[in-house]
Amino acid sequence: MNDLKTKYLSAIAAAADESALEELRVQAVGKKGEVSLKMRELGKMTPEERQVMGPQLNALKDEINSALAAKKVALADAALDIRLKEEWLDVTLPVRPQRQGSIHPVSQVWEECTAIFADMGFAVAEGPQVEQAWYNFDALNIPGHHPARAEMDTFYMHRAEGDDRPPHVLRTHTSPVQIRSMEKHGAPLRIICPGRVYRADYDQTHTPMFHQVEGLAIGKDISMANLKWVLEEFFSAYFGKKVKTRFRASHFPFTEPSAEVDIQCSWENGTVKVGEGDGWLEVLGSGMVHPKVLEAGGIDPKEWQGFAFGMGIDRIAMLKYGIPDLRAFFDSDLRWLRHYGFSALQVPTIRGGV
Ligand code: DAH
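Along each chain, residue indices are assigned from 1 in the same order as the chain's sequence is written. Only residues with pLDDT of at least 70 get local features here, since the model is predicted, and only at 80 or more are side-chain atom pairs given and counted; chain-wide, interface and lining totals rely on the full set of residues. As a rule here, side-chain values come from all non-hydrogen atoms in the structure, and water together with hydrogens is ignored.

By the naming in an unreviewed UniProt entry, the protein goes by Phenylalanine--tRNA ligase alpha subunit and is assigned to Pseudooceanicola albus. Under the UniProt heading Sequence similarities (unreviewed entry), the note attached to the protein is "Belongs to the class-II aminoacyl-tRNA synthetase family. Phe-tRNA synthetase alpha subunit type 1 subfamily." UniProt positions are given in the numbering used here, feature names are shortened, and annotations may be inferred rather than shown by experiment. One UniProt comment on the protein, placed under Catalytic activity (unreviewed entry), says "tRNA(Phe) + L-phenylalanine + ATP = L-phenylalanyl-tRNA(Phe) + AMP + diphosphate + H(+)".

A.B. asks: So what exactly am I meant to see when it comes to the packing of aromatic side chains here?
C.D. replies: Each pair of aromatic rings is reported with the distance of its centres and the angle of its planes. Working definition: rings of Phe, Tyr and Trp (its six-membered ring) pair if their centres are within 6.5 Å, and the pair is stacked with planes under 30 degrees apart, edge-to-face with planes over 60 apart, and tilted otherwise. Counted by the stated rule, this structure contains 14 aromatic pairs. Consider the rings of Phe235 and Phe239, whose centres lie 6.3 Å apart with planes at 20 degrees: the pair is stacked. With Phe235 and Phe239 both in helix H9 (residues 224–239), this residue pair falls four residues apart, about one helical turn. One aromatic cluster is present, built from ring pairs that chain together Phe117, Phe122, Phe234, Phe235, Tyr238, Phe239, Phe307 and Phe309. In this description a helix means any DSSP run of H or I spanning at least four residues, a strand means any run of E spanning at least two, and both kinds are numbered starting from the N terminus.

A.B. asks: Looking at this structure, I do not really get the side chain of Asn136. What am I missing?
C.D. replies: Within the secondary structure, Asn136 sits in helix H6 (residues 133–136). Note on exposure labels: buried denotes an accessible area under 20% of the residue type's maximum, exposed denotes more than 50%, and partly exposed covers the range between, all computed with a 1.4 Å probe on protein chains only. For Asn136, a relative accessible area of 0% puts it in the buried group. In this analysis, two residues are considered to be in contact whenever any of their non-hydrogen atoms come within 4.5 Å of each other. Once you skip the residues sitting within four places of it in the chain, Asn136 turns out to touch Glu131, Ile142, Val169, Arg171, Thr172, His173 and Pro176.

A.B. asks: Please explain the nonpolar core as it appears in this structure.
C.D. replies: Across soluble globular proteins, nonpolar side chains show a tendency to be buried alongside one another. Ranked by internal contacts, the top residues of the largest apolar core, which has 43 residues, are Phe117, Phe234, Phe235, Ile263, Phe307 and Met311. When residues of this core are assigned to their parent elements, the largest contribution, eight residues, is made by H9. Each residue touching Phe117, except ones within four places of it in the same chain, is listed here: Phe122, Ile192, Val230, Phe234, Phe309 and Met311. Residues Tyr135, Ala139, Phe252 and Phe254 belong to the second largest nonpolar core, which totals 26 residues. In plain words, nonpolar cores are sets of buried Ala, Val, Leu, Ile, Met, Phe, Trp, Tyr and Cys residues tied together by side-chain atoms within 4.5 Å.

A.B. asks: What am I meant to see in the environment of Asp221 here?
C.D. replies: For Asp221, the position within the fold is in the loop between strand S5 (209–219) and H9. In this structure Asp221 comes out as exposed when scored by relative accessible area, which is 61%.

A.B. asks: Would you mind going over the pairing of strand S9 (residues 279–289) with me for this structure?
C.D. replies: Looking along a regular strand, one sees the side chains alternate between the two faces of the sheet. Counting buried residues in S9 gives nine out of eleven residues, a clear majority hidden from the surface. Inspection of the sheet shows strand S7 (residues 255–268) paired to S9 by nine bridges, in the antiparallel sense. Residue Gln264 lies in a different strand from S9, and its bridge partner there is Trp280. Two strands pair when backbone bridges link them, and S9 and strand S10 (residues 305–312) are joined in this way by five bridges, in the antiparallel orientation. Along S10, the bridge assignment pairs Met288 with Phe307. Strands qualify as paired when DSSP identifies two bridges or more between them.

A.B. asks: Which parts of the structure should I look at to understand the site of the ligand?
C.D. replies: We call a residue near a given molecule or strand whenever any one of its heavy atoms falls within 4 Å of it. Neighbouring the ligand are 15 residues; His173, Ser175, Arg199, Gln212 and Glu214 lie closest to it. Two N or O atoms count as a polar contact when they lie within 3.5 Å, although within protein this holds only if one can serve as hydrogen donor and the other as acceptor, and sequence-adjacent residues are included solely when both atoms are side-chain atoms. A distance of 3.0 Å separates a nitrogen atom of the ligand from a polar side-chain atom of Ser175. With respect to the ligand, the side chain of Gln212 contributes an N or O atom lying 2.9 Å from an oxygen atom. Here the ligand has 350 Å² of accessible area as a free molecule, and 91% of this is covered by the chains. For the shell around the ligand, a count of residues per class yields four nonpolar, nine polar and two charged. Working definition of accessibility: Shrake-Rupley area with a 1.4 Å probe, residue cover restricted to the visible protein chains. Charged means Asp, Glu, Lys or Arg here, nonpolar means Ala, Val, Leu, Ile, Met, Phe, Trp, Tyr, Cys or Pro, and polar covers whatever is left, Gly included.

A.B. asks: Quick question: what am I supposed to make of the pairing of S10 here?
C.D. replies: The element S10 is largely enclosed, with a buried count of six among its eight residues. Judged from the eight bridges that link them, S5 and S10 form a sheet pairing that is antiparallel. Within S10, the position partnered with Gly215 by the bridge is Phe309.

A.B. asks: Hey, could you run me through helix H2 (residues 18–29) in this one?
C.D. replies: Three or four residues apart is the spacing at which side chains of an α-helix point the same way, because the helix has 3.6 residues per turn. Helix span is expected to be 1.5 Å times the residue number reduced by one. The terminal C-alpha atoms of H2, which comprises twelve residues, lie 16 Å apart, in line with the 16 Å expected from a rise of 1.5 Å per residue. Where H2 is concerned, the buried positions are Leu21, Leu24, Ala28 and Val29. Buried positions in H2, seen along its axis, are confined to an arc of 85 degrees and lie on one side of it. Regarding the arc, it is the one traced by the directions from the helix axis to the C-beta atoms.

A.B. asks: Explain the domain arrangement of the protein here, please?
C.D. replies: The figure often quoted for interface size is the accessible area lost as the parts come together. Parsing the protein into structural domains produces domain 1 (2–86) and domain 2 (105–340). Taken over C-alpha atoms, the centre of domain 1 sits 91 Å from the centre of domain 2. Segmentation into domains, and thus their bounds, comes from an automatic or database assignment.

A.B. asks: Is there a simple way to explain the pattern of salt bridges in this structure?
C.D. replies: Within this document, salt bridges are pairs made up of a side-chain nitrogen of Lys or Arg and a carboxyl oxygen of Asp or Glu, the two lying within 4 Å of each other. Taken as a whole and judged by the stated rule, the model has 15 salt bridges. Among the ionic pairs, Lys320 bridges to Glu112, the shortest N-O distance being 2.9 Å. In this pair, Lys320 is assigned in helix H11 (residues 313–321) and Glu112 in helix H5 (residues 105–119), connecting sequence segments 208 residues apart. In this structure, the salt-bridge partner of Arg335 is Asp333, at a minimum N-O distance of 2.8 Å. Taking relative accessible area as the criterion, Asp333 reaches 27% and is therefore assigned partly exposed.

A.B. asks: Looking at this structure, how should I read the packing of helix H1 (residues 2–14) against helix H3 (residues 34–41)?
C.D. replies: Each packed pair of helices is defined by two parameters, the angle between the axes and the distance between the axes. The angle between two axes is taken between their N-to-C directions and runs from 0 to 180 degrees, where each axis is a line fitted to C-alpha atoms and a helix contributes only its stretch in contact. Close contact between H1 and H3 brings their axes to 11 Å; oriented N to C, the two are set at 155 degrees. On the basis of the axis angle, H1 is roughly antiparallel to H3. Read as a crossing pair, H1 and H3 show a hand that is left-handed. Residue-level contacts link Leu4, Lys7 and Tyr8 of H1 to Glu34, Val35 and Lys38 of H3. Residue classes in the contact of H1 with H3 are distributed as three nonpolar, no polar and three charged. We call two directions roughly parallel when the angle between them is under 35 degrees, roughly antiparallel when it is over 145, roughly perpendicular when it lies between 65 and 115, and oblique otherwise. By the definition used in this description, the sense in which the near helix is turned from the far one sets the handedness, with an anticlockwise turn below a right angle giving left-handed and a clockwise turn giving right-handed.

Right under this line is the structure:
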């Protein structure tokens, strides 16, 4: 009995893992284990022998069982300790540096424009960048022979040989979206259309692709006065201060009368400041929508009238954020993007009308 006790207790103490422990359990107290077999022998003993051996065997069995249980807990604790050591993380370490992108000034200003005009009840409309010549020119009262077509340095799309249809163009302005919106929604109408436009032109203030935001408001009695208010409200919100505007008579085929709009600014040693001084800077074209344009859009000019305007997004981005060269907008130079870009969490800076 003592031999059995020493054998199993020391083997249990030395067991390296749970499976070794299980093996010992089967060997000692399993159905055919050494201790169990001994217990079966009790039946063959005399009652006196049994009275001595019975309690001793039971005690041995209990002792082995509790040694097994205790060792099982000890093994589990040791395994957990090892895991905790292996999987230890230093949560105080600084995170790995991560490259962060930025919002391009054009995207930022695009959002700002959208937010300000949305506040005044303008919905955002869209049109294709590869546009039919009819929408880009004819419907806007620019017939085939009109000098405006040549002036715009239009990019024409390729047509397959033998295909005589007039070629599509890369839209030269966002004005074709006026026609598409009229066709789609009819009157009354209040939309802006920010978007990309294309012209074959390249210098410090011109790039072959740039951005415009078109505006169009059509109603029963919309006038130039409404146009002036909307634009002054826009510029004041956009620049965050009262900005005077100056309307100069001009000519566009799609408006009558037409006006170019300047904003008040000062020029000091090469830098422009908007909303002060006695200088003027041209920022957009505008006017009352020409009856022929309304007609092309399927709207009865005897019943409806309205204003339209078209403004350069890149231009007003340069003005607000002091960016000198337009070409750099589209160079994708990371240093430029980091310098002039905006954090994704930076909410467009717009203030209510001043
Ligand atoms: N589409 C003109 C351009 O790109 C700008 C313009 C002028 C738009 C007058 C208008 C407008 O809507 O009424 O030069």
